Amino acid sequence: PVSKDKDALSTVAPYACQRQTPLIHHNSKITDALEILGKAASFQGSEVRSLAFARAASVLKSLPCKLQSIEEAKNLVWCGGHCQTVIQEILEDGVCHEVEVLKNSEQYQCMELLTSIFGVGVRTAERWYNDGVRKLSDLADLHIKLTAEQKAGIEHYTDLKQPVTRDEAERVESLITRALDRFVPGLRITMTGGFRRGKQQGHDVDFLITHPDEEALNGLLEKSVNWMDSQGLLLYHHTKARSHVQTRRRSTHMDGHETCYAIFALPNHDSLKAESGDFTSSGACRWRAVRVDLVVAPYEEYPYALLGWTGSKHFERELRRFSWHEKNLSLNSHGLYNVEKECSIPATSEEEIFVLLGLQYVPPPYRNA
Ligand code: GTP
Ligand code: MN
Ligand code: MN
């Protein structure tokens, strides 16, 4: 078994999209540490270092067994340099000193807190930190100017930091299915994101919506969102219109699908009972806030949008990097483009996209890179 394991370790493919990465893996102690270092690097504005840690963590997630020694790690792609020291420390001492210091630092904890607010990215969090913000109540005390999105994020902070369960995600699904059905029958509505990859909980619920008749999609999101709002189902929503994307150049992480970023007021299971009066505690909440993303894609872009919105983020990043560097093709969630011939390559399923890229198909539960 030793030589077989060693074989497995030295043959890990360099791109995450060439590997199968399950949700539950064997090296989470090390990957947790590497991901904290990656997050800290991104808080410091170093995307290159952040990416290096993400790559190493992703390799370890794909291993069929638990790393036993630093010798084994030496055979692994992307796991050299700084990452190797971290791996060695954890294998030998059970903890990595640098990570422990970081986790306990005021700056890391504040950045973690601030970036966990809906509508707050690293740059905003850093600005606020430099302005002296250390806890949520400082935002009001220091008269920090907030966007509507951030105001909603802070107002519902406690609910939103509570993970969304699969059961809650399914209740959101039936709510939006009913709302969208009122306007257009026969839509295809797919839960994407982490739940499609088999996660049991998430920070939000993501949906992709399409219909064979492109006309049917015109104005659909606006009408159904307004209707849900009128029903008291929405606490916040912002819809980004469909936009033209530069398809013939190397793709960025941005895409141009019509998208609604929302906070739902998801009625509790027992809210009906509460209405009818046999719910005794008077202050009981009848709903909880849940973050929801709704994406509308034209039918012919659907397989690309599905692939692009299923994640994980690292898997997506690697798919795009692989397409560009290995196949000279530009991939985004609208399509695949041959830059030289200036033409786009249609696909009717995710499986077909993998074939077009010369990759073995990776089912969603194995895209947890
Ligand atoms: P949790 O929600 O934390 O459970 O994880 P998740 O994997 O569902 O993350 P998230 O909801 O942030 O994103 C889901 C997928 O959509 C990821 O693969 C992202 O890369 C992708 N995604 C998020 N925002 C955008 C965007 O603006 N454009 C595109 N094309 N993809 C996005
Ligand atoms: Mn999600
Ligand atoms: Mn999302």
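Chemist: Summarise the overall build of the chain; cite the residues concerned and give the values.
Modeler: Broken down by element type, the chain carries 18 helices and ten strands. The principal-axis extents of the C-alpha atoms in the chain amount to approximately 65 × 55 × 40 Å. Counting over 369 residues, the chain shows a buried share of 47%. Within the chain, residue pairs in contact and separated by at least 24 positions form 66% of the contacts whose partners lie at least 6 positions apart. When the accessible area of the chain is evaluated, it comes to approximately 18700 Å², of which 51% is carbon and sulfur surface. Positive and negative side-chain charges of the chain, numbering 43 and 49 respectively, have mean locations separated by a distance of 2 Å.

Chemist: Give a detailed account of the nonpolar core, specifying residues and quantitative values.
Modeler: Ranked by internal contacts, the top residues of the largest apolar core, which has 40 residues, are Leu 34, Leu 60, Leu 67, Leu 76, Ile 87 and Trp 128. If one sorts the elements of this core by residue count, helix α2 (residues 28–43) sits on top with seven residues. Each residue touching Leu 76, except ones within four places of it in the same chain, is listed here: Leu 9, Val 12, Val 59, Leu 60, Leu 63 and Leu 67. Listed in part, the 31 residues of the second largest apolar core include Leu 187, Ile 189, Leu 221 and Val 290.

Chemist: Could you give me a rundown of the site of ligand 1, with the residues and numbers involved?
Modeler: Taken together, the neighbourhood of ligand 1 is formed by 18 residues, with Gly 194, His 203, Asp 204, Asp 255 and Gly 311 sitting nearest. A distance of 2.9 Å separates an oxygen atom of ligand 1 from a polar side-chain atom of Arg 197. Separating an oxygen atom of ligand 1 from a side-chain N or O atom of Lys 313 is a distance of 2.9 Å. For ligand 1, whose unbound accessible area comes to 630 Å², protein coverage reaches 82%. For the shell around ligand 1, the secondary structure elements donating two or more residues are α13 (193–196), α16 (302–310) and α17 (313–327). Classifying every residue of the shell around ligand 1 gives one nonpolar, nine polar and eight charged.

Chemist: How would you explain the coordination of the manganese ion (ligand 2) if you had to name every residue and give the values?
Modeler: Looking at the metal site, the manganese ion (ligand 2) is ligated by Asp 204 (OD) and Asp 206 (OD), spaced 2.1 Å from it. Here the manganese ion (ligand 2) and the manganese ion (ligand 3) are spaced 3.7 Å apart, linked through Asp 204, which binds each one. There is no split in this pair, since Asp 204 and Asp 206 are both buried.

Chemist: Quick rundown of helix α8 (residues 122–130)? Include the residues and the values.
Modeler: Turning to α8, its buried residues number three or more, namely Thr 124, Ala 125, Trp 128 and Tyr 129. For α8, the buried positions fall inside an angular range of 135 degrees around the axis, keeping them on one side. Facing away from the buried surface of α8 by more than 90 degrees, the exposed residues are Arg 123 and Asn 130.

Chemist: I'd like a rundown of empty space enclosed by the protein, residues and numbers included.
Modeler: Tallied over the full model, the rule gives one cavity of 30 Å³ or more. Looking at the largest cavity, its volume works out to about 30 Å³. Contributing to the lining of the largest cavity are Tyr 304, Leu 307, Gly 308, Glu 316, Leu 319, Arg 320, Leu 331, Asn 332 and Ser 333. Among the secondary structure elements, those contributing two or more residues to the lining of the largest cavity are α16 and α17. Per-class residue counts for the lining of the largest cavity are four nonpolar, three polar and two charged.

About the thresholds
Residues numbered from 1 in each chain as written. Chains lettered and ligands numbered in written order. Predicted model: local features only at pLDDT ≥ 70, side-chain atom pairs only at ≥ 80, totals over all residues. Heavy atoms only, no water. Helix = DSSP H or I, 4+ residues; strand = E, 2+ residues; numbered from the N terminus. Buried < 20%, exposed > 50% of the residue type's maximum accessible area, 1.4 Å probe, protein only. Contact = heavy atoms within 4.5 Å. Areas by Shrake-Rupley, 256 points an atom, 1.4 Å probe, with all protein chains shown as cover. Lys, Arg positive; Asp, Glu negative; His and termini not counted. Charge placed at Lys NZ, Arg CZ, Asp CG, Glu CD. Core = buried A, V, L, I, M, F, W, Y, C linked by side-chain atoms within 4.5 Å. Near = heavy atom within 4 Å. Polar contact = N/O pair within 3.5 Å; in protein donor to acceptor, adjacent residues only side chain to side chain. Nonpolar A, V, L, I, M, F, W, Y, C, P; charged D, E, K, R; others polar. Donors = N, O, S within 2.8 Å, 3.2 Å for Na, K, Ca; no water. Arc of directions from axis to C-beta. 1 Å grid on protein atoms, 1.4 Å probe; cavity = no way out; pocket = protein on both sides within 12 Å on 5 of 7 lines; lining within 4 Å. Points joined across faces, edges and corners; volume = space filled by probe spheres on them.

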